[in-house]
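Analysis of the macromolecular model
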Amino acid sequence: MNKKALFSNAGLALTALGLLIAVVVISLLPRIRIDLTEDSLYTLSDATRDIVANLERPVALTFFYSEESVAEVPQVRAYGLRVQEMLREMVIASNGNLSFEIVDPAPFSEDEDRATAYGIQAVPLAAGREAVYFGVVATDPATQTEEDAGVYQAIPLVRPDQEEFLEYEFARLITRTLDPDPTVIGLLTSLDIDGGFNPALQQATRAWAVMDTVRYMYDVQRVESTADSIDSAIDILLIVHPQEIPAQTLYAIDQFVMRGGRALIFVDPNSDTQTQIAVNSGDFRDSMSSDLPGLLQAWGVQFDATQVVTDQERALYVTLQPGQRPVAHLGMMGVQRDGFANDIVSGQLQVMNMSSAGALSKADGSITTFEPLIQTSNTTMMMGTAFFSEMGDPTLLLDEFVSEEQTRYLAARVSGRSPSAFPDGPPVFDDEANTDTVETPAENHLSESLGDIGVIVVADSDMLADRMWAQSQQVLGQRVINAFASNGDFVINALDNLSGSTALINIRSRGRYARPFTRVIDLQRAADERLRAEETNLLQRLSETEQQLTALNQNNGGTISPEQNAEIERFIQVQTDTRRALRDVQFQLNAEIDRLGTTLKFINTALIPGLLVIAALALAWVRSRRRKLAVRL
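1. Some words on the overall build of the chain
Counting secondary structure elements, the chain contains 17 helices and 26 strands. Of all 633 residues assigned to the chain, the portion counted as buried reaches 42%. At a minimum sequence separation of 6, the contacts of the chain that also span at least 24 residues come to 73%. On the chain, roughly 34800 Å² of surface is accessible, and the fraction owed to carbon and sulfur atoms is 53%.

2. Observations concerning the pattern of salt bridges
Within this structure, the stated rule accounts for 11 salt bridges. For arginine 314, the salt bridge goes to aspartate 311, with nearest N and O atoms at 3.9 Å. Using a relative accessible area of 7% as the deciding quantity, one classes arginine 314 as buried. Since its relative accessible area comes to 0%, aspartate 311 is described here as buried. A salt bridge links arginine 413 to aspartate 343; its shortest N-O distance comes to 2.6 Å. Taken together, the positions of arginine 413 in strand β21 (residues 409-416) and aspartate 343 in the loop between β16 (327-335) and β17 (352-355) put the pair 70 residues apart, joining distant regions of the chain. For the pair shown, arginine 413 and aspartate 343 are each scored as buried. Among the charged side chains, a salt-bridge network with shared partners connects Glu169, Arg172, Arg176 and Asp496.

3. Observations regarding the pairing of β21
With seven of its eight residues buried, β21 lies for the most part within the structure. Here strand β19 (residues 369-375) pairs with β21 via six bridges, running antiparallel. Across the sheet, residue proline 372 finds its bridge partner in β21, namely alanine 412. Taken together, the six bridges between β21 and strand β24 (residues 453-458) define a ladder with antiparallel strand orientation. When the bridges of β24 are listed, valine 414 appears paired with valine 455.

4. Some thoughts on the packing of aromatic side chains
Taken as a whole and judged by the stated rule, the model has eight aromatic pairs. Ring centres 6.2 Å apart and planes at 50° place the aromatic pair phenylalanine 64 and tyrosine 118 in the tilted group. Here phenylalanine 64, found in strand β1 (residues 59-65), pairs with tyrosine 118, found in the loop between α5 (110-117) and β3 (123-124); they are 54 residues apart in sequence, far enough to count as distant. The class for phenylalanine 64 is buried, based on a relative accessible area of 0%. What makes tyrosine 118 buried here is its relative accessible area of 11%. Relative to phenylalanine 134, the ring of tyrosine 79 lies with its centre 5.8 Å away and its plane at 5°, an arrangement referred to as stacked. Note that tyrosine 79 is positioned in helix α4 (residues 74-93) and phenylalanine 134 in strand β5 (residues 134-139), a separation of 55 residues in sequence. Side by side, tyrosine 79 and phenylalanine 134 carry an identical accessibility label, which is buried. These aromatic residues form a ring-pair network of at least three members: Phe63, Tyr65, Tyr79 and Phe134.

5. Notes on the sheet that holds β5
Spatially, the four strands line up as an open sheet ordered β2-β1-β5-β6, and their pairing is mixed. Each edge of the open sheet is held by one strand with a lone partner, namely β2 (98-103) and β6 (152-155). Ignoring strand direction, the axes of neighbouring strands in this sheet form an average angle of 15°. Strand direction decides the pairing type here: β1 and β2, joined by six bridges, are parallel. When the sheet's bridge partners are listed, alanine 60 is paired in β2 with serine 99. Together, β1, β2, β5 and β6 form the strand contacts of helix α6 (residues 166-178), whose direction differs from that of β6 by roughly 160°.

6. Thoughts on the sheet that holds β16
If you trace the three strands from one edge of the open sheet to the other, you get β15-β16-β17, paired in antiparallel fashion. Pairing within the sheet leaves two strands with one partner each, and these edge strands are β15 (315-318) and β17. Each neighbouring strand pair of the sheet contributes to a mean axis angle of 50°, computed without reference to strand direction. Across four bridges, the pairing between β16 and β17 is antiparallel. Each bridged residue has a counterpart across the sheet, and for valine 335 the counterpart in β17 is methionine 352.

7. A few points about the environment of arginine 222
Along the chain, arginine 222 turns up in strand β10 (residues 219-222). Placed 36 residues apart in sequence, arginine 222 and glycine 186 show a C-alpha to C-alpha distance of 5.6 Å. When sequence neighbours within four positions are dropped, the list of residues in contact with arginine 222 reads Leu187, Thr189, Leu191 and Asp194.

8. Looking at the packing of helix α7 (residues 209-217) against helix α14 (residues 487-498)
Interhelical geometry of α7 versus α14 gives an angle of 30° and a closest axis separation of 10 Å. With respect to their mutual orientation, α7 and α14 come out roughly parallel. Between α7 and α14 lies a crossing of right-handed hand. Each of Val210, Thr213, Val214 and Met217 in α7 lies in contact with α14, whose residues at this interface are Val491, Ile492 and Leu495. Within the contact of α7 with α14, the residues separate by chemical class into six nonpolar, one polar and no charged.

Rules behind the numbers
Residues numbered from 1 in each chain as written. Predicted model: local features only at pLDDT ≥ 70, side-chain atom pairs only at ≥ 80, totals over all residues. Heavy atoms only, no water. Helix = DSSP H or I, 4+ residues; strand = E, 2+ residues; numbered from the N terminus. Buried < 20%, exposed > 50% of the residue type's maximum accessible area, 1.4 Å probe, protein only. Contact = heavy atoms within 4.5 Å. Areas by Shrake-Rupley, 256 points an atom, 1.4 Å probe, with all protein chains shown as cover. Salt bridge = Lys/Arg side-chain N within 4 Å of Asp/Glu carboxyl O. Pairing = 2+ DSSP bridges. Phe/Tyr/Trp six-rings, centres within 6.5 Å; stacked < 30°, edge-to-face > 60°. Axes fitted to C-alpha atoms, helices over the stretch in contact; angles between N-to-C directions. Parallel < 35°, antiparallel > 145°, perpendicular 65-115°, else oblique. Left-handed = near helix turned anticlockwise from the far one by under 90°. Nonpolar A, V, L, I, M, F, W, Y, C, P; charged D, E, K, R; others polar.

Okay, here's the thing in structure tokens:
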């Protein structure tokens, strides 16, 4: 009866419909993802999904990858798969806006010429190994012709040491392909950072090295410190040591940020650079500090322009006079890698030098997000600026220093919705050309931001000065900058990050694909320590024996005596015993690792499946008991 119903017209129609539904479900499976990794490595952030799903027009992604050449290099092959998985996830999330292909450029092929045309060069994995291609290109198909590659952006080498930033780098690559116009930086500063004139020497001063780098990568437009509006062409405001900024300029900066403009701000409780300039030019000011009164507080940042951070652990050593030994200057610090947040801006830095910096913190009651980028150690103390403006000997700071056991933040990112620093509308200010008061038009006033703001604040402007991070020299008429610290990299990273959309700025660093067996590493480290100790003993014994042999040769005129024979035999025995000890240590290491590997294999291949089988049998038994009880009732 059932067979007849199954093979009837209605049964066959239902079967066909079921198969069609199954095919549709299976076709949708690639979009269904379950990411069980600890750091959700295969799950795109909402910001990335928003970027790729809302592209103005399609973008083609090409991964130039020497797949055959890296087949015998497991680490590189695994990282290549990681890159492919990330790009494929973006393609799936793009709703058809992205396409993806993998190209393995063979030597002397058209694919190799194509990779070279995009600026992708083969790099050797190691000495003596074949060079491989490992770069990604994003192209705008709408701009391509047979003769022209069109608009494109490329990452010549996808570096494994920057794996945490893969998602950000790929998202930025895509967005810049559709928006290749250079970013315009608006520079507002009270220092001659972009070059100026020294009245004492009656000559022009050169731009700081950091500005040469910024101008090389961006278009820079000067903003006067008395401006009452910010040019609409400006994308990012670079504000360095702002002093005595009038109300109308503060309002213009505030409204620029409220409308979605980005800002990189360097304030300072005590500018050593300005002090040096004043000594040379005679241009002394009542205060060497800088601030943006009202603005930082409204945006969620607390900054005290009368206090300087001193850090005992990160203090730099300075030489006061030639021939004297260096002394620790608690007001100057070298921030190492452990002081940088794992952020797109600061995560790749090595060291940053700062001088008489202030401290930043989240303002009470603020609704914005405050994310520290650079921090001190916990052996710090806040000191008044008077210590630094009147101090000639940094050893005086050592006498006054008492650690407050608190970590301070030297730089931070502020994001999220923010209220205006002028909630009641534009300020009323005195016009220098007219004694009457002038009020800025309020018709376009914003009392809160249109979206998430993007502001990075640094509590030090001296870090931009050449003496803190770079040496420059003239080579064939060109200025060559040799950096000994990462200060310049921080500025470029910050501007680069702020130049993106809100979604791009909100992409954060991710975890790493490679997850080592920490227990195995601990075993190897412990064994290595034992090996090094044995090797040290061996070398010491060898040295002692050689010295004794030399002494015997000198005393016996070069002839071999019974004492020398005894020493030689002892040397051979010591060497044999030590080598045996080294082999024993290595054997123990391998044995411990093998036991751990066997345990892991047992857990993966036997224990877990066994537990699942037991759980299934227990569930079946419970169901059987319930059915029997139901029958009895």
